[in-house]
Amino acid sequence: MRLLLIALVATAFAAPAAAADMQIDNARSIDIAVSGSIREHCAMGQIPNVDFGNLERRGLGFQTKVAFDCNRPFTMTIKGDTGALTHTSMPNGQGPYGGKLPYSLSVQMPVRLPSAQTISKSFTSSQLQAGGVISSNGGIATDGMTLAVELGLPTGEAGKLLAGDYAETITITVAPI
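Residues numbered from 1 in each chain as written. Predicted model: local features only at pLDDT ≥ 70, side-chain atom pairs only at ≥ 80, totals over all residues. Heavy atoms only, no water.

Caption draft 1: Expanded view of the state of the cysteines. In this structure the tally under the stated criterion is one disulfide. Here C42 connects covalently by a disulfide to C70, the sulfurs 1.7 Å from one another. Here the residue C42 occupies a position in strand 1 (residues 42-44), and C70 occupies one in strand 3 (residues 68-70), the gap between them amounting to 28 residues. (Disulfide = S-S within 2.5 Å. Helix = DSSP H or I, 4+ residues; strand = E, 2+ residues; numbered from the N terminus.)

Caption draft 2: Region of interest: the sheet that holds strand 11 (residues 166-167). Strands sit in the order 6-5-11 across an open sheet of three strands; the sheet is antiparallel. This sheet does not close on itself; its edge strands, each paired only once, are strand 6 (100-101) and strand 11. Sheet topology places strand 5 (residues 85-87) next to strand 6; two bridges connect them, and they run antiparallel. Each residue of the ladder has a partner; that of L85, found in strand 6, is L101. (Pairing = 2+ DSSP bridges.)

Caption draft 3: Examining the environment of I177 more closely. Assignment of secondary structure puts I177 in the segment after strand 12 (170-176). Separated by 105 residues in sequence, I177 and R72 place their C-alpha atoms 7.5 Å apart. When near neighbours in sequence (up to four residues on either side) are disregarded, I177 contacts R72, P73, F74 and T75. (Contact = heavy atoms within 4.5 Å.)

Caption draft 4: A look at the environment of S120. Within the secondary structure, S120 is located in strand 8 (residues 116-124). Linking S120 and P110, residues ten residues apart in sequence, is a C-alpha distance of 8.8 Å. With residues up to four places along the chain from it excluded, the contact list for S120 reads V107 and Q108. A polar contact of 3.5 Å, which involves the side chain of S120, links it to the side chain of Q108. (Polar contact = N/O pair within 3.5 Å; in protein donor to acceptor, adjacent residues only side chain to side chain.)

In structure tokens form, the structure reads like this:
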């Protein structure tokens with residue numbers, strides 16, 4: 001009990017002494033450093049696989065809205081593996097029938113810098129084989145993006161495609177800048 005009483009008395013006298021040490025006489029202003037941080041974040045929603053069905057039909061395409069949010073400026077690189085919808089076993093076709101169906105891909109996305117703007121860019125499938133790049137031009141994205149693909153005309157002498165299955169893989173990569 002006696003030790004507890006001594007500890008309470010010592011604490012009571014120590015607190016005012018510490019407060020007095022922090023007082024600055026005749027101070028008219030004081031600066032306080034405050035800081036913090038926000039982790040960078042870029043996220044993209046799911047993009048569905050697309051099956052165009054019979055590729056002999058003209059004017060095929062699709063458009064989809066994709067969730068996309070990036071809280072800092074970024075670049076987006078879009079790359080197509082083969083640069084066309086390509087026959088899975090005979091990419092160069094056979095005889096007069098082609099093995100590639102070119103396409104175009106367009107991207108449209110609102111960005112804020114701080115006012116709202118829309119960035120739009122279109123690429124041919126051959127441009128995507130090398131990788132197409134879109135910059136946010138210093139803006140951030142919070143309202144998603146729209147992707148659209150339109151199929152072109154078949155390659156080959158006959159202007160027709162070889163029978164079989166066709167595929168292409170498109171990869172979208174986002175890098176904060």
